[in-house]
Amino acid sequence: MTNENAINVLRHLNPPRTSKVAFDAFRQAIVMAIEALKEPQIIRCKDCKHHWTHKCMDSMPIERCDLEQTFYDAEHDFCSLAERREVTT
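Quick look at the structure, then. Small disclaimer: the values here were computed from a predicted structure and weren't measured.

Here's the deal with the packing of helix α1 (residues 3-11) against helix α2 (residues 20-38)
Part 1 of the argument: One can describe the packing of α1 onto α2 by two numbers: an axis separation of 9 Å at closest approach and a directional angle of 165°. Relative to α2, the element α1 lies roughly antiparallel. Considering only the axes of α1 and α2, their crossing is left-handed. Across from Asn3, Ala6, Ile7, Leu10 and Arg11 in α1, the residues of α2 making contact are Ile30, Ala33, Ile34, Leu37 and Lys38.

Quick look at the structure:
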């Protein structure tokens, strides 16, 4: 599901009619969720299709970026050129 699809689903949910407090809380939660989904997604280097790890003859793994971006920690670093790697199951 894309963020746009999720936003569309959230906009069409029916709020609970049990009480005004529940109704207001539901509406506030929906608004906050929609705003969060509108934010750009950060793709970490470890999840980017341009990042790869090479291990040469039992040595320490060497991490590389096809885009020649510099990173120090693939677990936490990211860049504006990242593209999410296809997940295979």
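Re α1
Part 1 of the argument: Inspection of α1 places Asn3, Ala6, Ile7 and Leu10 among the buried residues, and these make up the whole buried set. Each buried residue of α1 sits inside an arc of 100° when the element is viewed along its axis, so together they form one side.
Part 2 of the argument: Buried positions along α1 lie against α2.

Remarks on the pattern of salt bridges
Part 1 of the argument: Inspection of every chain in the model, using the stated rule, returns 4 salt bridges.
Part 2 of the argument: A salt bridge links Asp24 to Lys20, with the nearest nitrogen and oxygen atoms 2.9 Å apart. With Asp24 and Lys20 both in helix α2 and 4 residues apart, this pair spans about one turn of that helix.
Part 3 of the argument: Look at Asp24 and you get partly exposed, because its relative accessible area is 35%.

Quick look at the side chain of Asn3
Part 1 of the argument: One can find Asn3 in helix α1.
Part 2 of the argument: At a separation of 3.0 Å, a polar atom in the side chain of Asn3 contacts the main-chain carbonyl oxygen of Leu37.
Part 3 of the argument: Excluding its chain neighbours within four sequence positions, the residues that come into contact with Asn3 are Leu37, Glu39 and Gln41.

Conventions we followed
- Residues numbered from 1 in each chain as written.
- Predicted model: local features only at pLDDT ≥ 70, side-chain atom pairs only at ≥ 80, totals over all residues.
- Heavy atoms only, no water.
- Axes fitted to C-alpha atoms, helices over the stretch in contact; angles between N-to-C directions.
- Helix = DSSP H or I, 4+ residues; strand = E, 2+ residues; numbered from the N terminus.
- Parallel < 35°, antiparallel > 145°, perpendicular 65-115°, else oblique.
- Left-handed = near helix turned anticlockwise from the far one by under 90°.
- Contact = heavy atoms within 4.5 Å.
- Buried < 20%, exposed > 50% of the residue type's maximum accessible area, 1.4 Å probe, protein only.
- Arc of directions from axis to C-beta.
- Salt bridge = Lys/Arg side-chain N within 4 Å of Asp/Glu carboxyl O.
- Polar contact = N/O pair within 3.5 Å; in protein donor to acceptor, adjacent residues only side chain to side chain.

This is a description of form; function is not addressed.
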